[in-house]
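A structural walkthrough
Spelled out, the chains give:
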Amino acid sequence: MSGGSGISYRFRPSDVSCPQASGKRREGDLRSKGSAGSETRAERETPFVRLRADLHIHTCLSPCADCGMVPTAIVTRAKAVGLEMIGVCDHNSTENAAAVMQAGRREALCVIPGIEITTCEEVHVLGLFETERDLAGIQTVVDEHLPGTNEEAAFGRQTIVDSWDQPVGSNARLLAGATTLSVEQVVDAIHCFRGLAVAAHIDRPSFGLVGHLGFIPAGLRLDAVEVSRRSPVRRYGSYPVVTSSDAHSLGDIGRSRTSLLVERASLEEFAKALRREGGRRVSLEMEDLSLHVLDIVENALSASADRVRILIHEDTGTDQMLLEIEDNGRGMDAEWCQRALDPFFTTKTTRRVGLGLPLLAQAARESGGALELISEPGRGTTVRAVFQLSHPDRKPLGDIAETLRMILGSRPDVGLRFDYTRDSEIIAALDTGGP
Ligand SMILES: [Zn+2]
Ligand SMILES: [Zn+2]
């Protein structure tokens, strides 16, 4: 390829036929900068719906994915775990996306076709597209810049299937490899075909933009960044943040998902939600209570707490589970408490509190419980969430030990006390002493 100097080389639209090469903006361009002001009144009055999306799912075409990742199984599983919108993003190939879209159409599940492109810096970038034509366009660019052939024994099978899961062929390219395109070129190529460019699992050391490169190149025109489930950081400059499962097996689907407040399930609406047009929103949804705990404790630490107490008590007699997190941070007055519980206020206006509280409140409500927030300026905050222990929608506790390790790893100076009891039995206890 020409250029050769890696990052400084810009993708040239003339490399491929590109509808935007003339600089004209096509109608329906996902990246067009709309605003609430330009919308018609009828549009604004359309009520929003809350949808759950997992926009990073692999199929059996990805060499590292399970061979059970076939269209009907993916769609069935996605619906079973309550998703309304999924994205299909195989490594460097789009060839199974249409099959999953068809399977989705039969079951009224919105399937966004996409691709996960590996850049020459070994960074993964997701491209999500509106039409199969745009998808074919990006595939042409990737094919021109993806060297190597696959060795099934070493990397795995790359099966192409139809919408009824029948194998119809296999891809011979080295999909596990990297393209010769830089991250800027990949983002430009995705935009050239009117797609959305999302930095995949940005926090991960392997193939994550920040985890691997250490930074987001200045001026990179990403539409969003995707964080992985366990990311302790959920803000990357002004980029909108989403999360997805990066599912390689059926059980992973929906394990991490993004909540959308939109008019309907579509890529266009998702794009508008990323730009917060007309009141649309995206927010992160977490699957395990241990991740909620991590989030709440992070809030506490950023509110200057140096002592945190986490209490989990399961009462099988009353069928209740109590999760209480108490800190000695700077606390909040009544008005701030109310704001902290508003999912769409906290994300936009303040860094003092994240999405943790509204999401935990939602998790409690969805499992027959409630959340209580007790706080006073200068006296710290207590978050108390109650769940129905046996409720089918109660999230599992998850890896609480890992959460504690992450807290202590990042802030060894903090005094942390943890008590986990069931009825009169002590399940786990930890007290680091500290201040
Ligand atoms: Zn990846
Ligand atoms: Zn992936």
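The following paragraphs examine the structure supplied in this document. (Residues numbered from 1 in each chain as written. Chains lettered and ligands numbered in written order. Predicted model: local features only at pLDDT ≥ 70, side-chain atom pairs only at ≥ 80, totals over all residues.)

Side note on the nonpolar core
Using the following cut-off: Joined through C-beta atoms within 7 Å, a set of buried Ala, Val, Leu, Ile, Met, Phe, Trp, Tyr and Cys residues constitutes a nonpolar core. The burial label depends on the number of other C-beta atoms within 10 Å of a residue's C-beta. Counts of 20 or more mean buried, 12 or fewer mean exposed, and intermediate counts mean partly exposed, with C-beta atoms placed from the backbone. Numbering goes from the N terminus for both helices and strands, where a helix is a DSSP run of H or I of at least four residues and a strand is a run of E of at least two. By the criterion used throughout, residues are in contact when their C-beta atoms, derived from the backbone, lie within 7 Å.
By size, the foremost hydrophobic cluster in this structure holds 74 residues, and its most contacted members are Ile-86, Val-100, Val-125, Ile-138 and Val-198. Looking at this core element by element, the count peaks at six residues for helix α6 (residues 183-192). Leave out the neighbours within four places in its chain, and Ile-138 touches Thr-94, Ile-115, Gly-127, Phe-129, Ala-189, Ile-190, Phe-193 and Gly-195. One finds Ile-312, Ala-340, Ile-407 and Leu-416 within the second-largest nonpolar core, a separate group that totals 31 residues.

A closer look at the environment of Val-161
Tracing the backbone shows Val-161 in strand β5 (residues 159-161). Counting along the chain gives 90 residues from Val-161 to Pro-71, while the straight-line C-alpha distance between them is 8.0 Å.

What about the environment of Ala-271?
Structurally, Ala-271 is set in helix α8 (residues 267-274). Accessibility expressed as a C-beta count within 10 Å gives 24 for Ala-271, which makes it buried. Spatially, the C-alpha atom of Ala-271 lies 10.0 Å from that of Leu-128, the residues being 143 residues apart in sequence.

A look at unusual backbone geometry
One non-glycine residue, Asp-165, lies in the positive phi region at around 75°. Among the structural elements, Asp-165 can be located in the loop between β5 and β6 (167-170). Under the C-beta neighbour-count criterion, Asp-165 is labelled partly exposed, with 17 such atoms within 10 Å. With a phi angle near 70°, Ser-304 is a residue other than glycine that sits in the positive phi range. Tracing the sequence through the fold places Ser-304 in the loop between α9 (289-302) and β12 (307-315). Judged by local crowding, Ser-304 falls into the exposed class, with 12 C-beta atoms found within 10 Å.

A short note on the pairing of strand β10 (residues 257-262)
Our working definition: Note: two strands are recorded as paired if DSSP finds a minimum of 2 bridges between them.
With five of six residues buried, β10 is to be regarded as a mostly interior element. Sheet topology note: the strand β1 (residues 49-57)/β10 ladder contains five bridges and is antiparallel. What sits directly across from Arg-52, in β10, is Ser-259. Two elements, β10 and strand β11 (residues 281-285), share five bridges in a ladder whose sense is antiparallel.

Focus on helix α12 (residues 356-366)
In terms of burial, α12 is largely enclosed, as nine of its eleven residues are buried. Where α12 is concerned, the buried positions are Gly-356, Leu-357, Pro-358, Leu-359, Leu-360, Ala-361, Gln-362, Ala-363 and Ala-364. One or two steps after α12, the chain reaches Gly-368, where phi turns positive at roughly 70°.

Examining the sheet that holds strand β9 (residues 241-243)
Convention followed: Working convention: axes come from line fits to C-alpha atoms, limited for helices to the stretch in contact. Angles between N-to-C directions cover 0 to 180 degrees.
If you walk across this open sheet you meet the nine strands as β9-β8-β7-β4-β3-β2-β1-β10-β11, and the pairing is mixed. The open sheet has two free edges, formed respectively by β9 and β11, since each of these has just one partner strand. Within this sheet the neighbouring strands show an average axis-to-axis angle of 30°, counted without direction. Each of β3 (110-118), β4 (124-128) and β7 (196-199) is contacted by α6, which is oriented at about 5° to β4, the strand it contacts most.

Digging into the sheet that holds β12
Spatial strand order, β14-β15-β13-β12-β16-β17: six strands in an open sheet with mixed pairing. Looking at the sheet topology across the chains shown, the edges are occupied by β14 (370-376) and β17 (425-431). With direction set aside, neighbouring strand axes in the sheet form an average angle of 5°. Here β14 pairs with strand β15 (residues 380-388) via seven bridges, running antiparallel. Looking at β15, one finds that Leu-373 is bridged to Val-383. The strands touched by α9 within the sheet are β12, β13 (320-327) and β15, with β13 carrying the most contacts at an inclination of about 20°.

Observations regarding the packing of helix α2 (residues 71-80) against helix α3 (residues 97-106)
The line we're drawing: Each angle is binned into one of four classes, with values under 35 degrees roughly parallel, values over 145 roughly antiparallel, values of 65 to 115 roughly perpendicular, and all other values oblique. Note on convention: the crossing is left-handed when the near helix lies turned anticlockwise from the far helix by less than a right angle, right-handed when the turn is clockwise. The nonpolar class holds Ala, Val, Leu, Ile, Met, Phe, Trp, Tyr, Cys and Pro. Asp, Glu, Lys and Arg form the charged class, and all remaining residues, Gly among them, are polar.
The interhelical angle for the contact between α2 and α3, taken along N-to-C directions, is 50°, at an axis separation of 9 Å. The angle between α2 and α3 places the two elements in the oblique class. Where α2 crosses over α3, the handedness of that crossing is right-handed. From α2, Pro-71, Thr-72, Ile-74 and Val-75 reach across to α3, where they touch Ala-99, Val-100, Ala-103 and Gly-104. Residue classes in the contact of α2 with α3 are distributed as six nonpolar, two polar and no charged.

Re the packing of α9 against helix α13 (residues 400-410)
Contact pair α9 / α13: the axes reach a minimum separation of 8 Å and the direction vectors enclose 20°. Accordingly, the angle class assigned to the pair α9 and α13 is roughly parallel. Here α9 and α13 pass one another in a crossing that is right-handed. Of α13, the residues touching α9 (which contributes Ser-290, Val-293, Leu-294 and Val-297) are Ile-400, Glu-402, Thr-403, Met-406 and Ile-407. When its residues are assigned to classes, the contact of α9 with α13 shows six nonpolar, two polar and one charged.

So, the pairing of β17
Counting buried positions over the seven residues of β17 gives zero, only a small fraction of the element. Pairing analysis gives six bridges linking strand β16 (residues 415-422) to β17, with the strands arranged antiparallel. Within β17, the residue paired with Arg-422 across the bridge is Glu-425.

Purely geometric numbers; function is a separate question.
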